[in-house]
Amino acid sequence: ENRPIPEPGPNEVLLRMHSVGICGSDVHYWQNGRIGDFVVKNPMVLGHEASGTVVKVGSGVTHLKPGDRVAIEPGVPREMDEFCKTGRYNLSPTIFFCATPPDDGNLCRYYKHSASYCYKLPDNVTFEEGALIEPLSVGIHACRRAGVTLGSKVFVSGSGPIGLVNVLVAKMMGAAAVVVTDLSAARLQKAKEVGADFTIQVKNETPQEVASKVESLLGCMPEITVECTGVQACIQAGIYATRSGGTLVLVGLGAEMVTVPIVNAAVREVDIRGIFRYCNTWPVAIALLASKRINVKPLVTHRFPLEKALEAFETTKRGEGVKVMLKCDPTDHNP
């Protein structure tokens, strides 16, 4: 639908949108109308993996000017609460977040956003790389929470876009060996391309069998498991696979209630940590992309103009490719 072009407030910028990636959560809202406690009650614009060009700046904005290319961090705190003061602003209960009801996302031609959460892209970083900082940030935040370090042995469960960014980041942070599991051979091939050392195509093994396959490939149990599916059996496998004293980070979201071998984790001192989105990751990600230390370009497998958004969403829903990109600027469909 056509909407008026928004007017930026004093601390906002108006952006001409360029590239917006489709996330599984976008598809989930479209199909189910809710994720947990977040329920779509009114029409909502989707999209939160995005980049664009500044066309207008508010009166209080000094670090950006029209013409600047930026990546957008979709989560903007509305108040300086205790979480913001400790640097964990992603946990602020009143945070604005693109395409989480009731907040509109940025899958549109023009979009206004808090200037402090728009980050200037260097000339050698493309718009698509800028849009991919959002999923990449999940990997950075998860691997930080997991404590990935020099020589870590890591098990990544799930080889969708979020599994893949965790492989990229874990390797970047010094992991010596990364093993990835998935049902799909094509996705595991992609994991190999982005740096996974070993892959396991799961068929109908029990969680304990998956865990022992992980151990035999790595030559030991991994200190760190990053679970990116949210599937009960995979969480179970994650607990069984993780070395005693190690850490399991839960990234994927599934059913609210799951049955897990919690005593197994407890008596072996396996730390179970959750993550919620990310915080303080955009500057790091931009530095990694600008220095070419990390390559996210292979993640983009499909591109559609904004007019074909429905087709793009259908493609994502069918699980084709890895990352589907929508191009919002009719005059520029370049990456």
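None of these values were measured; they are calculated from a predicted model.

Here's the deal with the overall build of the protein chain
Logical step 1: Regarding its fold elements, the protein chain presents 10 helices and 17 strands.
Logical step 2: A globule of 335 residues ought to have a C-alpha radius of gyration of about 20 Å, and the protein chain, at 20 Å, matches this closely.
Logical step 3: In the protein chain, buried positions account for 53% of the 335 residues.
Logical step 4: Long-range pairs, those at least 24 residues apart, make up 68% of the contacts in the protein chain between residues at least 6 apart in sequence.
Logical step 5: In the structure as shown, the protein chain presents an accessible area of about 15,100 Å², 54% of it carried by carbon and sulfur atoms.
Logical step 6: Taken as two groups, the 35 positive and 34 negative side-chain charges of the protein chain have centres that lie 3 Å from each other.

Remarks on the pattern of salt bridges
Logical step 1: For the coordinates displayed, the defined rule picks out 17 salt bridges.
Logical step 2: Residue E12 pairs with K112 through a salt bridge whose shortest N-O separation is 3.6 Å. Of this pair, E12 sits in strand β1 (residues 12-21) while K112 sits in strand β8 (residues 110-114), and the two are 100 residues apart along the sequence.
Logical step 3: K112 sits in the partly exposed class, given a relative accessible area of 33%.
Logical step 4: Salt-bridge contacts for E193 lead to K190; the nearest nitrogen and oxygen are separated by 3.6 Å. Taken together, the residues span about one helical turn, with E193 and K190 both in helix α5 (residues 185-193) at a distance of three residues.
Logical step 5: According to the relative accessible area criterion, K190 is buried, its value standing at 14%.
Logical step 6: Among the ionic contacts, a cluster of salt bridges with common partners joins E1, R3 and D104.

Details of the packing of aromatic side chains
Logical step 1: Under the criterion given, the structure shown has five aromatic pairs.
Logical step 2: For the pair W30 and F313, a centre-to-centre distance of 5.6 Å together with 75 degrees between the ring planes defines the contact as edge-to-face. Here the residue W30 occupies a position in helix α1 (residues 24-32), and F313 occupies one in helix α10 (residues 309-317), the gap between them amounting to 283 residues.
Logical step 3: Classification of W30 by relative accessible area gives partly exposed; the value is 30%.
Logical step 4: Ring plane angle 25 degrees and centroid distance 6.3 Å describe the contact between Y119 and W282, whose orientation is recorded as stacked. Of this pair, Y119 sits in strand β9 (residues 118-120) while W282 sits in helix α9 (residues 282-290), and the two are 163 residues apart along the sequence.

Calculation rules
Residues numbered from 1 in each chain as written. Predicted model: local features only at pLDDT ≥ 70, side-chain atom pairs only at ≥ 80, totals over all residues. Heavy atoms only, no water. Helix = DSSP H or I, 4+ residues; strand = E, 2+ residues; numbered from the N terminus. Rg over C-alpha atoms; globule rule 2.2 N^0.38 Å. Buried < 20%, exposed > 50% of the residue type's maximum accessible area, 1.4 Å probe, protein only. Contact = heavy atoms within 4.5 Å. Areas by Shrake-Rupley, 256 points an atom, 1.4 Å probe, with all protein chains shown as cover. Lys, Arg positive; Asp, Glu negative; His and termini not counted. Charge placed at Lys NZ, Arg CZ, Asp CG, Glu CD. Salt bridge = Lys/Arg side-chain N within 4 Å of Asp/Glu carboxyl O. Phe/Tyr/Trp six-rings, centres within 6.5 Å; stacked < 30°, edge-to-face > 60°.

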